[in-house]
Every structure is written in structure tokens, then in C-alpha cells.
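# Breakdown of the fold
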Amino acid sequence: AALCCLIDYFWEHEATVFVKGMLRIKFTGAHGVLLLDPASVRNLELLRSLRTGDPKESLYGILKAGCKTSSGARLLRSSLIQPSNDLSTINTRQECVLELLGREDTLLDLQRILP
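This one's a predicted model, so the numbers in the text were calculated from it and none came from an experiment. (Residues numbered from 1 in each chain as written. Predicted model: local features only at pLDDT ≥ 70, side-chain atom pairs only at ≥ 80, totals over all residues. Heavy atoms only, no water.)

## Observations regarding the overall build of the protein
Counted only if it meets this: Each helix corresponds to a stretch of at least 4 residues labelled H or I by DSSP, and each strand to a stretch of at least 2 residues labelled E; elements are numbered beginning at the N terminus. Here the globule rule is a power law, 2.2 Å times the number of residues to the power 0.38, and the radius of gyration is based on C-alpha atoms. Partly exposed describes any residue whose relative accessible area lies between the buried limit of under 20% and the exposed limit of over 50%, with all areas from a 1.4 Å probe on protein chains only and scaled to the type maximum. The criterion used for residue contact is that any of the two residues' heavy atoms lie within 4.5 Å. Method for areas: the Shrake-Rupley scheme with a 1.4 Å probe, in which residue coverage is limited to the protein chains shown.
Within the protein, the regular secondary structure consists of 6 helices and 0 strands. Beginning at the N terminus, the succession of helices and strands in the protein can be written as α-α-α-α-α-α. For 115 residues, the compact-globule estimate of 2.2 N^0.38 gives 13 Å, and the C-alpha radius of gyration of the protein, at 20 Å, exceeds that figure by more than 25%. Along the first, second and third principal axes, the C-alpha atoms of the protein reach 60 × 35 × 30 Å. Among the 115 residues that make up the protein, the fraction classed as buried is 10%. Pairs at least 24 residues apart make up 36% of the contacts formed inside the protein by residues separated by at least 6 positions. By element, 60% of the accessible surface of the protein is carried by carbon and sulfur atoms, the whole surface being about 9,500 Å².

## A closer look at the packing of helix α5 (residues 87-102) against helix α6 (residues 104-113)
Condition: The axes used here are C-alpha line fits, helices contributing only the stretch in contact, and every angle between their N-to-C directions lies in the interval 0 to 180 degrees. Each angle receives one of four descriptions, namely roughly parallel if under 35 degrees, roughly antiparallel if over 145, roughly perpendicular if within 65 to 115, and oblique otherwise. Residue type decides the class: Asp, Glu, Lys and Arg count as charged, Ala, Val, Leu, Ile, Met, Phe, Trp, Tyr, Cys and Pro as nonpolar, and the leftover types, Gly among them, as polar.
For the pair α5 and α6, the least separation of the axes is 5 Å and the interaxial angle reads 100°. The pairing of α5 with α6 is recorded here as roughly perpendicular in orientation. Touching Leu 100, Leu 101 and Gly 102 of α5 are Glu 104, Thr 106, Leu 107 and Leu 110, all from α6. Along the lines of polarity and charge, the residues of the contact of α5 with α6 split into 4 nonpolar, 2 polar and 1 charged.

## Here's the deal with a nonpolar patch on the surface
Selection criterion: In this scheme, patches are assembled from residues that exceed 30% relative accessible area and form no salt bridge. Like charges are connected within 9 Å, while nonpolar side chains (Val, Leu, Ile, Met, Phe, Trp, Tyr) are connected within 5 Å. One speaks of a salt bridge when a side-chain nitrogen belonging to Lys or Arg is within 4 Å of a carboxyl oxygen belonging to Asp or Glu.
There is a patch of nonpolar side chains on the surface, built from Leu 3, Leu 6, Tyr 9, Phe 10, Trp 11, Val 17, Val 19, Met 22, Leu 23 and Ile 25 and spanning about 990 Å² of accessible area. Among the structural elements, Phe 10 can be located in helix α1 (residues 2-13). Assessed through its relative accessible area of 31%, Phe 10 is described here as partly exposed.

## Some points on unusual backbone geometry
Leaving glycine aside, a negative phi is the common case for residues, and trans is the common case for peptide bonds. The backbone of Glu 45 shows a phi angle near 55°, a positive value even though the residue is not glycine. Within the element layout of this structure, Glu 45 appears in the loop between α2 (38-43) and α3 (59-64).

## Points about the nonpolar core
Spelled out, the test is: Among the buried residues, those of types Ala, Val, Leu, Ile, Met, Phe, Trp, Tyr and Cys that are joined through side-chain atoms within 4.5 Å form a nonpolar core.
Residues Val 41, Leu 46, Leu 47, Tyr 60, Ala 73, Leu 76, Leu 80 and Ile 81 constitute the largest nonpolar core, which totals 8 residues. Here the element with the most residues in this core is helix α4 (residues 70-81); it accounts for 4 residues. Those residues within four positions of Val 41 in sequence are excluded, and the remaining contacts are Leu 36, Leu 46, Leu 47 and Ile 81.

## Some points on the side chain of Ser 58
With respect to the helices, strands and loops of the structure, Ser 58 is situated in the loop between α2 and α3. With relative accessibility at 1%, the residue Ser 58 sits in the buried group. Once you skip the residues sitting within four places of it in the chain, Ser 58 turns out to touch Glu 45, Leu 46, Leu 47, Arg 48 and Ser 49.

## Looking at the pattern of salt bridges
Scanning all chains against the criterion turns up 3 salt bridges. Here Arg 51 ties to Glu 57 by a salt bridge, and the two come within 3.5 Å at their closest N and O atoms. Judged by relative accessible area, Glu 57 falls into the partly exposed class, the value being 37%. The salt bridge partner of Arg 103 is Glu 99, with a shortest N-O separation of 3.0 Å.

Read these as layout, nothing more, since geometry by itself doesn't imply function.
Spelled out as C-alpha cells, the structure:
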């Protein structure tokens, strides 16, 4: 869908004409992440509450409150709807969380450093 919009944009706004065979499109699937279908994202209430529809009552909304930067919030959203399926990445993240939970002083220092 995004590609179609891009082609339409060039067609209408840039007066670009595409000739058959001019574009070569290759799909590359996502590697290292689990792709959740929209129904799963909805049913798990990752982005919106099923009961109220309010994003603030979703897992993302609750966790986002702890994000200090907009890029952190974007990374959180991406990580929730496309979680890693790489065991090494998952283990490393869990180790980082355990480390921060065990060292409250370091966690507080990080929170002070971030804007």
C-alpha cells in the first residue's frame, strides 16, 4: 500500500511516467522479529484498550508513560508490535532489565541523564 501511494505521488506531483519494466521491486521479509497480525495486536490490547478504545489504557500507553524521549516511545511501540524472535536478543534484554532492577542507583542516573 505504501509503495502504491509513493508511485501515485510521483505520478501526480512530479509528472513522472513509469514504463513497464522500469521498476524492479523486490520484497524482503522482516528478519529477527515476530510479525503480529492486526487482530492479535488488537486482542492483546498492545495499542488500544478493547473496552474503551483509549490508547492510554493499553500496554503501550502504560509503558510509554516511562519513556523520556519520543524516539524511545517509537522504539517501544515498534518492539511491542514487532517483538524480537531472536533468543540471544531476548536474553540480552532480560539481562539488562535484571541489571537495572538490581542497581537502582544506575537506573536513577540514567533517568537523570535522559532529557
